[in-house]
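Chain and residue survey
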Amino acid sequence: MPKRKNREPAQPTTRSKRQPRHHHGVVAANPQAQSAPISIDPVAPAQTTTSLLSSEQLQQVSQAVADILGQNRTQPMPIEPIQSGMGTQPMPIESLQPSMAGPDQCTGPRTIWILGSSIVKHAFCYARKSQYGANLELDRHNATIFWQGKGGMRVEEICSKVRTLLKVQNAPHMLVIHCGGNNIPASKGAKIGDRHAKSADLRDKLKTVIEKLIQLLPSTIIIWSQILPRLHWGGGGINQPAMERTRMRVNSYVATLLIGLGGKYIRYPELHKANTGMFCKDKVHLSGMGNDMFLYRLQQALQAFLNDSSVKVSPRVGQNGPWLRYD
């Protein structure tokens, strides 16, 4: 057989060199080139400039947050713009705490006693059946109302009633007194304690009652709910304008006395003799509209007193007209 010729080894076919690929900015190294160590520098952080809020804008934000939390501060909390940098010192915690000079400093559960005559009794029945409830929606202020109304109640019965309540309950945060209309004098020269006692005797008696209440309730805020007018006082032959003047004098005297002793005063400017629709046919007690206005002013005053201890009278003189029921 003929010998096969020795074949030369096949030369490797040369392929076209691929172009280096780029993966996310990294160039592929040439395999024939001498490899060198690759140094990767850390990525420098982006230089971002933060736009700081001005002092006025920070105060607006602080006031908005305070309103949401229910802290009705009259003055916004001063906050200075915080500068960024390594040399900035941390802001002291004391500067972030709100001032407690205005709002009531009592933060626990607060009880309010409302003590008085049939006006209080009827107001309680009216409030209990209404959509606001007997607590006048003061739950959001952590307050609870305890009503104690008695028909025909007189000033000389106040202290004995308070002593009885203290046997079963703790002293309240506030005591609202609505009494005295049944003590308005109808004639002169009668003895103290009589239904027809003089107005000077009634003022002296109220002063004695307030002094005893301060001794019984040293930590309680005493509030005078003004004696309401009547379309007609007593029976026939009574000087009606004189009775109205007596009512106004007694209210003014007790309000001045209590405010000087740290108490407060509630007014009802809409409950006037000219507004006859506010009264029942007996010309003494309040109608449905009158009870609604009475409860509205009562709720407004208690809410103001709970929020700010510096408020002494609600509403202020000349501050008439409708208000929103909620803060």
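What comes next concerns the included structure. From a predicted model like this one, the values you see are computed outputs, not experimental measurements.

Before going further, it helps to examine the overall build of the protein. Of regular secondary structure, the protein possesses six helices and eight strands. The linear arrangement of helices and strands in the protein, starting from the amino end, is β-β-α-β-α-β-α-β-α-β-α-β-α-β. Taken across its 327 residues, the protein has 35% of its residues classed as buried. Pairs at least 24 apart in sequence give 71% of the contacts found in the protein among residues at least 6 apart. Carbon together with sulfur atoms contributes 55% to the accessible area of the protein, which is approximately 21,400 Å² in total.

Okay, the pairing of strand β4 (residues 143-149) next. With seven bridges joining them, strand β3 (residues 110-116) and β4 adopt parallel strand pairing. What sits directly across from Ile114, in β4, is Trp147. Chirality of the crossover, the property in question, places the unit of β3, helix α2 (residues 118-129) and β4 among those that are right-handed.

Moving on: helix α4 (residues 199-216). Across its 18 residues, α4 extends 26 Å between first and last C-alpha, which sits within 8% of the 26 Å expected from 1.5 Å per residue. Those residues of α4 that are buried lie in contact with α3 (158-166), β5 (174-178), β6 (221-225) and α5 (240-260).

Before going further, it helps to examine the sheet that holds strand β7 (residues 264-266). Strand order in the open sheet formed by six strands is β4-β3-β5-β6-β7-β8, with parallel pairing between adjacent strands. The outermost strands of the open sheet, each flanked by one partner alone, are β4 and β8 (313-314). Bridge analysis of β7 against β8 gives two bridges, and the strand direction is parallel. Residue pairing in the sheet places Tyr265 in a bridge with Val313 of β8.

Moving on: the environment of Ser252. Assignment of secondary structure puts Ser252 in helix α5. The exposure class of Ser252 is partly exposed, given its relative accessible area of 44%. For the pair Ser252 and Tyr265, spaced 13 residues apart in sequence, the C-alpha separation works out to 9.7 Å.

Turning next to the nonpolar core. In terms of nonpolar packing, the biggest core is built from 30 residues, with Ile158, Val162, Leu175, Ile177, Leu213 and Trp224 touching the most fellow members. Of all elements in the fold, only β3, α3, β5, α4, β6 and α5 reach the threshold of two or more residues within this core. Element by element, the count of residues in this core is highest for α5, at six residues. Ranked by size, the runner-up nonpolar core spans 29 residues in total, among them Val120, Leu271, Leu295 and Ala301.

What follows covers the pattern of salt bridges. A full pass over the atoms with the stated rule returns five salt bridges. Residues Glu157 and Lys150 are paired through a salt bridge, measuring 2.6 Å at the closest nitrogen-oxygen approach. Here Glu157 falls in the partly exposed class, since its relative accessible area comes to 22%. Relative accessible area serves as the criterion here: at 45%, Lys150 is assigned to the partly exposed category. One salt-bridge network, held together by shared partners, links Arg154, Glu156 and Lys205.

Attention now moves to α2. Residues three or four positions apart in an α-helix share a direction because the helix packs 3.6 residues into each turn. Between the first and last C-alpha of α2 there are 17 Å, a value that for twelve residues agrees with the 16 Å anticipated at 1.5 Å per step. Looking at α2, one finds that the buried residues are Ser118, Ile119, Val120, Ala123 and Ala127. The elements touched by buried residues of α2 are β3, β4, β5 and α6 (288-307).

It is the contact of α4 with α5, at a shortest axis distance of 10 Å, that shows an interaxial angle of 25 degrees. The orientation of α4 relative to α5 falls into the category roughly parallel. With respect to the hand of their crossing, α4 and α5 are arranged in right-handed fashion. Mapping the contact onto sequence places Ser199, Leu202, Arg203, Leu206, Lys207 and Ile210 in α4 and Thr246, Arg249, Val250, Tyr253, Val254, Leu257 and Leu258 in α5. For the contact of α4 with α5, a count of residues per class yields eight nonpolar, two polar and three charged.

So, on to the packing of α2 against α6. α6 packs onto α2 with a crossing angle of 90 degrees between their chain directions and a minimal axis gap of 10 Å. With respect to each other, α2 and α6 are oriented roughly perpendicular. Between α2, through Ile119, His122, Ala123, Tyr126 and Ala127, and α6, the contact on the second element is made entirely by Gly288, Asn291, Asp292, Phe294 and Leu295. A per-class count over the contact of α2 with α6 returns six nonpolar, three polar and one charged.

Attention now moves to the environment of Met243. Its location among the elements puts Met243 in helix α5. In this structure, the C-alpha to C-alpha distance between Met243 and Ser199, residues 44 residues apart in sequence, is 9.4 Å.

The rules behind the values
- Numbering of residues begins from 1 in every chain and follows the order in which that chain's sequence is written.
- Per-residue local features are limited, in this predicted model, to residues with pLDDT of at least 70; the limit for side-chain atom pairs, both in listing and counting, is 80 or more; totals at the level of whole chains, interfaces and linings are taken over all residues.
- Side-chain metrics in this entry use all non-hydrogen atoms of the structure; hydrogen atoms and water are not considered.
- Helix numbering and strand numbering both begin at the N terminus, where a helix is a DSSP run of H or I of at least 4 residues and a strand a DSSP run of E of at least 2.
- Relative accessibility under 20% of the residue-type maximum defines a buried residue, over 50% an exposed one, and the middle range a partly exposed one, all with a 1.4 Å probe and only protein chains included.
- When checking whether two residues touch, look at their non-hydrogen atoms; a contact exists if any pair is within 4.5 Å.
- Note on areas: Shrake-Rupley, 1.4 Å probe, and residue coverage restricted to the protein chains presented here.
- The pairing criterion is simple: DSSP has to find at least two bridges between the two strands.
- The path from the first strand over the helix to the second decides the hand: if it runs clockwise while the strands point away from the viewer, the crossover is right-handed.
- Expected helix span is taken as 1.5 Å per residue step, with the number of steps being one fewer than the number of residues.
- In plain words, nonpolar cores are sets of buried Ala, Val, Leu, Ile, Met, Phe, Trp, Tyr and Cys residues tied together by side-chain atoms within 4.5 Å.
- What counts as a salt bridge is simple: a side-chain nitrogen of Lys or Arg found within 4 Å of a carboxyl oxygen of Asp or Glu.
- Axis definition: a line fitted to C-alpha atoms, limited for helices to the stretch in contact. Angles are taken between N-to-C directions and run from 0 to 180 degrees.
- Orientation categories follow fixed angle ranges, with anything under 35 degrees roughly parallel, anything over 145 roughly antiparallel, 65 to 115 roughly perpendicular, and all other angles oblique.
- Handedness of a crossing is defined here by the sense of rotation of the near helix relative to the far one, left-handed for an anticlockwise turn of less than a right angle and right-handed for a clockwise turn.
- Put simply, Ala, Val, Leu, Ile, Met, Phe, Trp, Tyr, Cys and Pro go in the nonpolar bin, Asp, Glu, Lys and Arg in the charged bin, and everything else, Gly too, in the polar bin.

That's the geometry; what it means functionally is another story.
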